[in-house]
Structure formats: structure tokens, C-alpha cells
Amino acid sequence: MNTEALAQLANVGVASATVVLALAWLTHLVEWAAAREVRPARLDSDASLVSAGGHSAGGSSPATGVAAEGETSPSPSRPDRFGQAGLSLTVLGTALLAAGVLARALAAGRVPWGNMYEFAVTGALVVLVVYLGLVLRAGIQWLAPIVTGFAVVVLGLAILVYVPAGPLVPALDSYWLVLHVSAAAIAGGAFVVGAGTSALFLLKQRAEQRAGAPVTTGPLGRLPTTEQMDRLAFQVHAFAFPLWTFAALIAGPIWAQNAWGRYWGWDPKEVWAFITWVVYAGYLHARATAGWRGRGAAVLALVGFATFLFNFVGINLFVSGLHSYAF
Amino acid sequence: MSADTTAPATRGAAPPGGGRIEPDAPVGPPTLSPGELGRWAWRQLTSMRTALLLLLVLAMAAVPGSLVPQEGVDSLAVARFRLTHPDLSPWLDRLGVFSVYSSPWFSAIYLLLVVSLIGCIIPRTQVYARALGARPPRAPSRLDRLPAYATYEVGADSGRTGADAVLEHAAAVLRRRRFRVDVDPGAVRAEKGYLREAGNLIFHVSLVVVLVGVAIGSLWGYRGNVIVVEGSGFSNTLTQYDEFTSGALATGSSLPPFTLSLQTLTADFQTDGAQAGQPKLFEATGTVTPAPGQTPRPFDIEVNHPLSVEGTSVFLVGSGYAPVVTVRDGDGQVVSSGPVPFLPTDSSYVSEGVLKVPDAEPAQLGMEGFFLPTAARGPDGLPVSVFPEATNPALSLFVYSGDLGLDGGEPQSVYSLDKDDLDVVQGDDQSPERLLLQPGDTARLPDGLGSVTFDKVAEFARLQIASAPLAWLPLAGLVVAIGGLLLSLYVRPRRAWVRARPAGDGRTVVEVALLDRVARADPVSDLDELVAELRHLPQKGDLA
């Protein structure tokens, strides 16, 4: 297959992945909407089933349970089925995207992160892979609407900075491109998961504070407990932060020393990488500081993610600096 | 086996913790003696909360330096910013916004952070040293109040007499699980995960090392930029630099006296395909003489491949065009001749430049304009460049005559004209005369002011010469810091207690409890596993 055909294939892969992921996103949104409608009814039926089982014959009539099931919805696990369908679509979309990114790499004859378009597309792939990996390991399907939504938005916006496949500019022609950028991308993927978890944590925590009791129904009822989410957010950030330290404060400066003659020069991209590092360091501190645990730390995780996003979007597009070719 | 197990009484997550030790800070400053006030201020400064706030303030303080151009990063951009924002700039100057990272307020924040860091490291190191020498903490009187707790009974027929055998076995099991174990009468206390705090301390000490390394590099280091045109040379002395920044403790006389001469500067660009015009290769070749009297050796500098000479490094950070221009004045005298570097303004290498001719008669001449590597006529009729390589070079100049303002002694940039006392030279139609020259062309200036000849195109290399002493120190500091960070994030300290007491009839009641100082996913399943192993007591019957 020649380069042209590969480049074509890459575009087809990315475009079809975008469509499939958009469907996945929609499916997960329907899952949440269905949870909003169905859950209370399901709880009723659950309750009557439990009571029916509990008092072997007398207490509540089995008819109540049957009526509750028959009236409300064809199946009490409708949200779960949408969730399953969404997950399948996400796997398919990720596979298509991976194929597209691979074809792009082959077409360009190098790692697929030499400009902003490629970084966006590869970054979306990394986010999805991190997410699917954590679905397997930690069962984080409940994060699906956020992750798929994020991936679709990134892939959609990537079209705005599309450039055809081609070789690297000289400044990027270094093996540090592989180390520095891949470490930053994987850390970024984990930051997305961490930020999504922290955002949902805040939503659920606020709802529980208002209700004065644990929320078990509706979309928020599909989430794990706030404690579990808080711990997951920490684990994800504990993975991402050392990697980010390596990408931004070790690999980056070594490369900068080789390419630009100084290891740290307060280039806008460096400044924001530093800001991101400091905010996430603050997040780790906040978790051990009285009055900042939970809510305060979660807000800091979101702030850190905002600085990370601004570094990629804002600094690339609006501020000129040495990194202006890509990330 | 006749033991009986009751379900763990309490289950749940351990309280979070494992952070800095928080001194019990008073709410507000009560009336205090100076000494007490100092101690209060010190405790405030070194508290966890202050460290957190200082981190956030540092992050915010770094922001303006990324949005407003910085003197130390791009002084040309600063000059441009000053021109476009004449009202705002004096205020920004007063606040030090053009050099944020060396401004007093930024320095104050990070110095406070360093003090807070050191003030936290020292007492914590002492606490840690004591903890290393100490025995694991004594078992709490009510183990059943701990988050992960289990109890079971061992029957009379389970071998050697009850409690002691149980505890001996428990100590062995816990040691195998890499706990530090201590046996009291009736109880075993154990603790593990000491490396967490060690990692934490290593991380913070390494950050101090990094800061010290960076400080040394910037105090004794220097960095300079120079434009060297093909065929000319550079010797490493202060006066040769276009731009030079050095640390407070670096002296100009300490520059190693090497010289280099640039033979060729190659800049290749993609000529076809979707990315036509993108740079492909930058390469500077020539010879370098490490010290006076030594024999020159050839060099080859590319982007990402600097030249090392005498402890300094020479980097290729840019390239551009220097049209070779000869100016004759009204008397026909050659008053200026040679390459004039034009600074690229965009990726198509449209370049801006200025030529000052103070010796011209009858009036001084100044020229300002554009160099276009591949000139073409743009949609609005004005010349543009369509490719960064010099395939159809053209020079477009406006000429000014009058007083260049060089006599006042005030330093001027060679890249800008002070037009206060200059008049633009006008053509026959009373509009500013635009000279458009290609190599070999000569243009005669009106009013007998002279002529301008565009001889040929030369290329220049923008070299950066830098020395950062001990640059390996911050690097080593960061590598060690990541190691410490990983320990502090992944080692999870845990305490374990086993208590055994006889309950009559030869039975022994055993209580087991775990306390995690950092929340874990499932301490209870770990506890169940531990209990299973503890209950597998060596049996006398097994031996018989």
C-alpha cells in the first residue's frame, strides 16, 4: 500500500471512529436518561421482591411486585443494556481510531504526534485506551459519558487543525519526541479520567449533602460511592503525576537543552506545564491537608486539568512560542 | 480444628492520613512576646496549609509571564509589545511583568516556598529518624474499634498451650509479610511501610537540590545570541554578542576564548507535497578554534545536535537571509557595503530589516523594508513571498534621509529606525518611493542622494552560545525526586496487632486488627487473608 492510500485510510479511520464514538456517547447519555426514568420504579420492584422473599408467605402480596414490574418498563435493566451497548460502541470506535492512527504513522513514516492535529487524535486514542483499561481493571463504565464525550469533542475540533500526513520539522526530529510526548500523552489520558472522576465526585457529593443521605437512584445512583470515586481519582493522579513530572520536568528540559541550548527558558508552553505540575502537586498536598480533603482536592484536580487543556489549546493557538508547531 | 470465627465487627475505610504532621496551629495570634510571635509565624509558614497556598500562588504568579513577552525570553517581542501598548507598558514595567521570573514578587513566593519546604523537611526528618528507631506502636486497648477487625477462637486441642503459641506464630507470619514485629506479653505489634515517609522526604529534599542546581546554573551561567553570516566568523567575547544574559556571579572575562567561522548555512525546505515550505533541515558547517594558537577543527551543527567547545555549547537556533547591499552616497562614494541580516517574520521567511548609513553625504540615509526569498505579486498587487528558500529573491525598501539620531549617544537597536528626524524619500508622484531590487539591480535615489545596489544573497545562522554549570545537578535531583515520589505514593504503611488471651476451657480468643494510614481499596479482604494464615497454626497433632 502506498503512502497516499495509507493517508487516505488514516482519515477514513479517524472519521469513522468519530462517528462511532459519537454514537457511543449518545447511547451513554440515553443510559443516564433511562436511569433517571427507570430507577425509582426498579427500586420499588426490588423492594417488593425483597419483602416478598423476606416474609415467606404473608406480609406483602406477590401481586404488588408483578404489577410494579408490568407497569413501568419492559425491563428493569434498560440503563444497563444501553451501558453495555455504549461500551461495545466505544471498543469499536477505539479500534477504528487505533487503526487510523497506525495508518497515519505508517503514512508519515514516524510517530503519529508531529503536529497539533496528530496530537489531538493520538491524545483522544490514549484517553480511550486508558479508560478501557480502567474499565477492565476497576470497572469505571460509569465514567463513559464524560470520556466518550471528551473524545468526540477533541476529534471534532481536531478537524480545525487538520494537516495532511508529512515529515517532521527539524526541531522535532529527535528520539526525545517519542519519550517526551508519549509520557505527556499518557499522563494527559490519566488526567482526563482523573478530572472526570473528580467532577462526578463533586456532583454526587453535593447531591448527597442536599439530600442528607446517600444517593442511590437516578444517574448519580449509577456511580460508585463518593469514597470510592475519591480513592480512584487519587490512584489515577498518583499514576499521572510522576509521569507528568518525567515528561515536563525531565524529558522536556533534556530535549530543550539539546535543541534550544537551555533546559528551562520560561517559554509559554513550559510555563503552563510548570503550572499544571504545581497545581497537581497542590492536589496531592490537599489530600493530606485538613479542610481540603475531598471537595477541595477535587476542585484542584479540575483546575489542574483546566491548565493542562489550556496549555494544549490556548497556548498552541493564541500565544507564540517555541512550541508553536504542536504540543 | 475446633476454632470458631465471628464476623469482623467493624468494617470500613481507614481514616486518610500520612501527610505532613500538622502542628496544632492556634486560630489567631494571641498577645505574644516577640519570641513566641516568631515561633507562631514559623509554625504558620511551615504548616501544610501554607505550603499548599504558596503552591497555588506560585502557579498563579507564573501566568502573566506566559501572556506578556519576557525580556529574558524574547526581547524583540517585548520591544514590539511596548510599541503597540504605550499606555500599558509603563505600568507593566513597574510591576516587573516583562521579567516575571526574576521579579521580586515572584522570587519572594518561591523563596517562601523553599523556606516552608526546609522548615517542613527538618522536623519531619527528626520525627522519621525517631520512628525508625522506635518499636511499632502498642496495641490499642479496644482493637474492635479499628476499621479492619476480626476475632476467632482456638480450641483446647490445637497444640501447644494457647496464647503464646498463637502469638509466636502470628509474629512469624507478620515477619514473612515484611512487617517489623515486636512481641509483648499477650499481644504482637507490627508495622510496615516505613519507606513511604522516606520517599516523601527524599522527594522534598530532591526538590531543594533541584532549586539549588538551577540557582547555580543561573548565577554562574550565561547565554548569548549572535547572528553570523556565511563567510564570517565569531569570537567568544562579550562585544560580539547581539544579546547576552548572564548570571549575577558570571563574569564576562570568564568566557572561553574560542573562535569559529561559518562556511555554509544550509536551510532545506519541503519543495512539494502537502507540507511544501516546511523546514526539512538546518545545518551550519565551518571550523572552530578552541583557543588562540590551536589548530582549527571542522564543525557541523544541526538542530538537536549542538557543538560542544570548552565547556560551552553552541546551538543553531535560527537562520535567515542577509542581502549584501552596497550604498553609494551623493558624491558616488561607497559608504556602506556588506551583508545586512534581515530577521524572518513568518514561516515563509518574509524578513524585516534596517540599514543605517551614517556616513552618507549630503544627508544620512536610513533604509527599512522587507526581504522576500521567493517573491511573487500578491492578490493586492504588493509583493509577497511564496516559498522560504531564496529562489527568486527580492528586496523591497523605503529610504529615509536626514538625521539617524546616532550622535546623542543613546543606544539604538540595529533593527529599528528612529524616524524623528528622518524624512521618507519620495518619488516623482509625491508618494514614498519603494525600491524593489533583485540581485544585481541598482536603484538611483532621487534628489542626488546616491544609489543602492543589491549585490547578492547570503544566509546567516543565529547561534546561541550557552553555559549552564552543573546542569546535571537539577536533572539528577529530579530523577531521585521521581523515585521518592513513587515510594511516597505507592508504599502504603500499615499497622497490625494480634492479641491472644485464654478464655477458659483451654480455649484462646484471638483478636486481629489492621490499621491503614492511607486509605486502601479493601483492607477487609487483606484481613481475611491474614486471618486465614494465622489460623493455620502448626499442630502438635501434625507432628505426632
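Computed from a prediction, not measured in an experiment: that's the story for all the values here.

**Let's talk about the overall build of chain B**
Line of reasoning, step 1. Scanning chain B from terminus to terminus reveals eleven helices and 25 strands.
Line of reasoning, step 2. At 38 Å, chain B has a C-alpha radius of gyration far larger than the 24 Å of a compact globule built from 544 residues.
Line of reasoning, step 3. Along the longest, intermediate and shortest principal axes, the C-alpha atoms of chain B span 125 × 65 × 55 Å.
Line of reasoning, step 4. Here chain B holds 544 residues, and 46% of them are scored as buried.
Line of reasoning, step 5. Within chain B, contacts between residues separated by at least 24 positions form 63% of all contacts whose residues are at least 6 apart in sequence.
Line of reasoning, step 6. As displayed, chain B has an accessible area near 26,800 Å², and 57% of this comes from carbon and sulfur atoms.
Line of reasoning, step 7. Charged side chains in chain B number 44 positive and 58 negative. The centres of these two groups are separated by 22 Å.

**With respect to the interface of chain A and chain B**
Line of reasoning, step 1. Taken together, the contacts link 54 residues of chain A with 58 residues of chain B.
Line of reasoning, step 2. Carbon and sulfur atoms make up 70% of the surface buried where chain A meets chain B, a total of about 4,400 Å² over both sides.
Line of reasoning, step 3. Of all residues in chain A, A:Pro170, A:Tyr263 and A:His285 bury the most surface against chain B, accounting for 14% of the area lost on that side.
Line of reasoning, step 4. For the interface between chain A and chain B, the tally reads zero salt bridges.
Line of reasoning, step 5. Viewed at the interface, chain B and chain A are joined by four residue pairs in polar contact (both at pLDDT 80 or more).
Line of reasoning, step 6. Listed by contribution, the elements that provide at least two residues to the side of chain A that touches chain B are α8 (226–260) and α9 (268–286) of chain A.
Line of reasoning, step 7. Broken down by element, the residue count for the side of chain A that touches chain B peaks at 18 residues, all from α8(A).
Line of reasoning, step 8. Class assignment for the residues of the side of chain A that touches chain B results in 37 nonpolar, twelve polar and five charged.

**Some thoughts on the confidence of the model for chain A**
Residue and element names in this part refer to chain A.
Line of reasoning, step 1. Chain-level statistics for chain A give a pLDDT mean of 83 and a share of 85% at 70 or above.
Line of reasoning, step 2. Within chain A, no element has a lower average pLDDT than helix α2 (residues 62–72), which sits at 40, and none a higher one than helix α5 (residues 144–158), at 94.
Line of reasoning, step 3. Note that residues 39–74 has pLDDT below 50 and, in this model, 19 contacts with residues that lie over four places away or in other chains.

**Re the packing of aromatic side chains**
All names here are of chain A.
Line of reasoning, step 1. Following the criterion strictly, the structure yields 29 aromatic pairs over all chains and no others.
Line of reasoning, step 2. Ring centres 5.7 Å apart and planes at 90° place the aromatic pair Trp266 and Phe274 in the edge-to-face group.
Line of reasoning, step 3. Aromatic side chains Trp272 and Phe310 sit 4.5 Å apart centroid to centroid with 55° between the ring planes, which places their arrangement in the tilted category. Here Phe310 lies in helix α10 (residues 295–312) and Trp272 lies in helix α9, a separation of 38 residues in the sequence.
Line of reasoning, step 4. The exposure class of Phe310 is partly exposed, given its relative accessible area of 31%.

**A word on the nonpolar core**
Line of reasoning, step 1. Ranked by size, the top nonpolar core spans 122 residues in total, and within it A:Leu97, A:Tyr131, A:Ile140, A:Trp244 and A:Tyr283 carry the most contacts.
Line of reasoning, step 2. With 18 residues, the top contributor of residues to this core is α8(A).
Line of reasoning, step 3. Contacts of A:Leu97, omitting those with residues within four sequence positions, involve A:Gly13, A:Val14, A:Ala17, A:Val121, A:Ala124, A:Leu125, A:Leu128 and A:Leu155.
Line of reasoning, step 4. Counting residues in each nonpolar core, the second largest holds 51 residues, with B:Ala284, B:Tyr321, B:Phe387 and B:Ala461 among its members.

**Examining the pairing of strand β2 (residues 148–154) of chain B**
Residue and element names in this part refer to chain B.
Line of reasoning, step 1. With respect to burial, β2 is a largely interior element, six of its seven residues being buried.
Line of reasoning, step 2. Alignment of β2 against strand β25 (residues 508–516), held across seven bridges, turns out to be antiparallel. Its bridge partner lying in β25, Glu153 is registered against Val509.

**Thoughts on the domain arrangement of chain A**
All names here are of chain A.
Line of reasoning, step 1. With domains assigned, chain A is organised as domain 1 (1–115 + 139–167) and domain 2 (168–327).
Line of reasoning, step 2. Of all residues in domain 1, Trp32, Trp113 and Trp142 bury the most surface against domain 2, accounting for 32% of the area lost on that side.
Line of reasoning, step 3. A salt bridge links Glu31 to Arg222; its shortest N-O distance comes to 3.0 Å.
Line of reasoning, step 4. One can count three residue pairs in polar contact (both at pLDDT 80 or more) joining domain 1 with domain 2.
Line of reasoning, step 5. Where the side of domain 1 that touches domain 2 is concerned, the elements lending two or more residues are α1 (3–54), α3 (78–108) and α5.
Line of reasoning, step 6. Sorting elements by how many residues they give to the side of domain 1 that touches domain 2 places α1 first, with six residues.

**Points about the domain arrangement of chain B**
Line of reasoning, step 1. Its domain assignment divides chain B into domain 1 (39–130), domain 2 (136–193 + 492–535) and domain 3 (222–271 + 278–406 + 413–467).
Line of reasoning, step 2. Distance between the C-alpha centres of domain 1 of chain B and domain 2 of chain B: 50 Å.

**Observations concerning unusual backbone geometry**
All names here are of chain B.
Line of reasoning, step 1. Cis geometry is adopted by the peptide bond preceding Pro362, which originates at Glu361 and carries an omega value of 5°.
Line of reasoning, step 2. By secondary structure assignment, the location of Pro362 is in the loop between β15 (351–357) and β16 (364–372).
Line of reasoning, step 3. Within the chain, Glu310 stands out as a residue other than glycine whose phi angle is a positive 50°.
Line of reasoning, step 4. In this fold, Glu310 is placed in the loop between β11 (307–309) and β12 (312–329).

**Describing the sheet that holds strand β9 (residues 279–289) of chain B**
Residue and element names in this part refer to chain B.
Line of reasoning, step 1. Taken together, four strands build an open sheet; the order of strands is β6-β8-β9-β10 and the sheet is antiparallel. Two strands lie at the open edges of the sheet, namely β6 (233–235) and β10 (297–302), each paired on one side alone. Sheet twist, expressed as the average angle between the axes of neighbouring strands with direction ignored, equals 30°.
Line of reasoning, step 2. With ten bridges connecting them, strand β8 (residues 259–269) and β9 associate as antiparallel partners.

The rules behind the values
Residues numbered from 1 in each chain as written. Chains lettered and ligands numbered in written order. Predicted model: local features only at pLDDT ≥ 70, side-chain atom pairs only at ≥ 80, totals over all residues. Heavy atoms only, no water. Helix = DSSP H or I, 4+ residues; strand = E, 2+ residues; numbered from the N terminus. Rg over C-alpha atoms; globule rule 2.2 N^0.38 Å. Buried < 20%, exposed > 50% of the residue type's maximum accessible area, 1.4 Å probe, protein only. Contact = heavy atoms within 4.5 Å. Areas by Shrake-Rupley, 256 points an atom, 1.4 Å probe, with all protein chains shown as cover. Lys, Arg positive; Asp, Glu negative; His and termini not counted. Charge placed at Lys NZ, Arg CZ, Asp CG, Glu CD. Buried area = accessible area lost by both parts, 1.4 Å probe. Salt bridge = Lys/Arg side-chain N within 4 Å of Asp/Glu carboxyl O. Polar contact = N/O pair within 3.5 Å; in protein donor to acceptor, adjacent residues only side chain to side chain. Nonpolar A, V, L, I, M, F, W, Y, C, P; charged D, E, K, R; others polar. pLDDT = per-residue confidence, 0-100. Phe/Tyr/Trp six-rings, centres within 6.5 Å; stacked < 30°, edge-to-face > 60°. Core = buried A, V, L, I, M, F, W, Y, C linked by side-chain atoms within 4.5 Å. Pairing = 2+ DSSP bridges. Domains from an automatic or database assignment. Axes fitted to C-alpha atoms, helices over the stretch in contact; angles between N-to-C directions.

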